[in-house]
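# Chains, contacts and geometry: an overview
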Amino acid sequence: MRVSWVWGLVLLLIGCQEPTAPSLGYHKISGTTMGTYYTITWSDGPPIAWKDSIDNLLFAFNEEVSTYIASSTIGRFNQSATGILIDTSINRDFWENFQLSIKLVEKTKGAFDPTVMPLVNYWGFGYTEKKAVSQVDSQRVNSLLPLIGMDNLHLEYLGNGNLYQLNKNHPDVQLDFSAIAKGFGVDRIAEWLEKKGVKNYLVDIGGEMRSYGSNPKGGDWVIGINEPLEGGAADAVFQTLKLSGKSVATSGNYRNFYELDGSKYSHTISPWTGYPQQLPILSVTVVASDCATADALATACMVLGHEEGLALIEKIADIEAYFIYNNGKDELSVVMTSGFQTFLND
């Protein structure tokens, strides 16, 4: 059995194709968060003084939505027998991730589903010990399926301003925001920068990005989509995009996977079958106004595949997507939504 892990939430990394040293008037900081890196490039404002504020913002965000922190809000919910109390003024990040997740579950008809956590853990891609299964237990998988679905959660307003009780049907029902949280973190930083009056920026957390204004050269921000090949270089670019005022997120199944008895098991788990998806799709890149939505829809499209995913995105206003898949001849093929062409950097 061969195991190939990528530590982080995003598997198909997108990189800014600009110089590593920003031009005069631009600043750049970097650090780590959510098991991956972050890089922020912006104009105006102090170059160093904001790093501590951004690190504190990301630390507080993780304390709400990271399944790897037992004391986080989501961690407490996952460990609880019946549910937890939510104060929306204090638990804002958890609350807004949860609320947007409800909308996106409905929009994707369940292809995106944050209750998939028990299956993610079973297959060895979750917050429990990182361990590939040694033998697939179909009975165990089937026993976990009743735990999946938003109908296992019940929200009760306590009539006291910001207080809600988030209940679950079964002690083993758990939430996983990993398919939306990184994008949400990008949005949080972007909103913080805009409140500071920043007019030009690119926020990048592990390849999920949000852009605004101009790059250091005065043009649109240029983003590269990785070539989706197993063992490929992290900086191998398949296609470049130009963006301004938009967010982009990519999901893929060619890095975070393991092989067992001749079959490949990737981190993309179907909430309907309980098994990792085995489809020709290799990656999908979604462009949206906010990065959280782009992040979640990219995951949904990986679950659906390039044909159903394309049909889904075409029905959603102001969202575009770019799919790379194996055409059955060991060749990479591309299909995209009708409006994605405008973002291609020819």
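Parameters and conventions
- For every chain, the first residue of its written sequence is number 1, and the numbers climb from 1 along that sequence.
- The model is predicted, so local features are restricted to residues of pLDDT at least 70 and side-chain atom pairs to those at 80 or more, both for listing and for counting; the totals for chains, interfaces and linings are taken over all residues.
- Based on all heavy atoms of the structure, the side-chain values leave hydrogens and waters out of the count.
- Pairing of aromatic side chains here covers Phe, Tyr and the six-membered ring of Trp, requires ring centres within 6.5 Å, and sorts the geometry by plane angle: under 30 degrees stacked, over 60 edge-to-face, intermediate tilted.
- Relative accessible area decides the class of each residue, using a 1.4 Å probe on protein chains only: under 20% of the type maximum gives buried, over 50% gives exposed, and in between gives partly exposed.
- Only DSSP runs of H or I with at least four residues qualify as helices, and only runs of E with at least two residues qualify as strands; both kinds are numbered from the N terminus onward.
- The salt bridge definition used is simple: a Lys or Arg side-chain nitrogen within 4 Å of an Asp or Glu carboxyl oxygen.
- Note on pairing: DSSP must find at least two bridges between two strands before they are called paired.
- Axis geometry follows a simple rule: fit a line to the C-alpha atoms, using only the stretch in contact for helices, then measure angles between N-to-C directions, giving values from 0 to 180 degrees.
- Any pair of residues with heavy atoms lying within 4.5 Å of one another is described as a contacting pair.
- Orientation is classified from the angle alone, with under 35 degrees giving roughly parallel, over 145 giving roughly antiparallel, 65 to 115 giving roughly perpendicular, and any other angle giving oblique.
- Crossing handedness is read from the near helix: turned anticlockwise from the far helix by less than a right angle, it gives a left-handed crossing, and turned clockwise, a right-handed one.
- Ten residue types, Ala, Val, Leu, Ile, Met, Phe, Trp, Tyr, Cys and Pro, are classed as nonpolar, four, Asp, Glu, Lys and Arg, as charged, and the remainder, Gly among them, as polar.
- Values of pLDDT, ranging from 0 to 100, describe the predictor's confidence in every residue of the model.

### Some remarks on the packing of aromatic side chains
- Inspection of every chain in the model, using the stated rule, returns 13 aromatic pairs.
- Ring geometry for Trp 42 versus Trp 50: centroids 5.7 Å apart, planes at 20°, classification stacked. Each member of the pair Trp 42 and Trp 50 is classed as buried.
- Here Trp 50 and Trp 192 contribute two aromatic rings whose centre-to-centre distance is 5.2 Å and whose plane-to-plane angle is 85°, an arrangement assigned as edge-to-face. Here the residue Trp 50 occupies a position in helix H1 (residues 49-65), and Trp 192 occupies one in helix H6 (residues 181-195), the gap between them amounting to 142 residues.

### Remarks on the pattern of salt bridges
- Throughout the structure, instances matching the rule amount to seven salt bridges.
- Among the ionic pairs, Arg 210 bridges to Asp 187, the shortest N-O distance being 2.9 Å. One end of the pair, Arg 210, is in strand S9 (residues 208-212); the other, Asp 187, is in helix H6, and 23 residues separate them in sequence.
- Since its relative accessible area comes to 4%, Asp 187 is described here as buried.
- Residues Arg 188 and Glu 191 are paired through a salt bridge, measuring 3.4 Å at the closest nitrogen-oxygen approach.

### Structural notes on the sheet that holds strand S4 (residues 36-43)
- Taken together, the eight strands give an open sheet; going across it, the order is S3-S4-S8-S9-S12-S15-S16-S17, and neighbouring strands pair in antiparallel fashion. Two strands bound the open sheet, and with one partner strand each, they are strand S3 (26-33) and strand S17 (332-336). Geometrically, the sheet is characterised by an average inter-axis angle of 10° between neighbouring strands, direction not taken into account.
- This element, helix H8 (residues 306-314), spans strand S15 (281-288), strand S16 (320-326) and S17 of the sheet and lies at about 175° to S16.

### Focus on the environment of Lys 107
- Looking at the secondary structure, you find Lys 107 in helix H3 (residues 92-107).
- Judged by relative accessible area, Lys 107 falls into the partly exposed class, the value being 41%.
- Between the C-alpha atom of Lys 107 and that of Ile 313, which follows or precedes it by 206 residues, the distance is 9.9 Å.
- When near neighbours in sequence (up to four residues on either side) are disregarded, Lys 107 contacts Leu 312 and Ile 316.

### Observations concerning the pairing of S3
- Across eight bridges, S3 lies against S4 in antiparallel orientation. The residue bridging Thr 32 from the neighbouring strand is Tyr 37, located in S4.
- Count of turn residues in the S3/S4 antiparallel hairpin: two residues, of which Met 34 carries a positive phi of about 55°.

### Overview of the packing of H6 against helix H7 (residues 291-304)
- Viewed as axis vectors pointing N to C, H6 and H7 meet at an angle of 165°, and their least axial separation amounts to 7 Å. The orientation of H6 with respect to H7, classified from their angle, is roughly antiparallel. Crossing geometry of H6 relative to H7 is assigned as right-handed. Residues Ala 181, Lys 182, Gly 183, Phe 184, Val 186 and Asp 187 of H6 form the contact with H7, whose own contacting residues are Cys 291, Ala 292 and Asp 295.
- The class makeup of the residues in the contact of H6 with H7 is five nonpolar, one polar and three charged.

### Focus: the confidence of the model for the protein
- For the protein, mean pLDDT is 88; residues scoring 70 or higher make up 88% of the total.
- Per-residue pLDDT stays below 50 along residues 1-21; that stretch engages in 79 contacts with residues further than four places along the chain or on separate chains.

### Some points on the pairing of strand S5 (residues 83-87)
- Here S5 lies mainly inside the structure; four of its five residues are buried.
- Strand direction decides the pairing type here: S5 and strand S7 (residues 163-168), joined by five bridges, are antiparallel. Each residue of the ladder has a partner; that of Ile 84, found in S7, is Leu 166.

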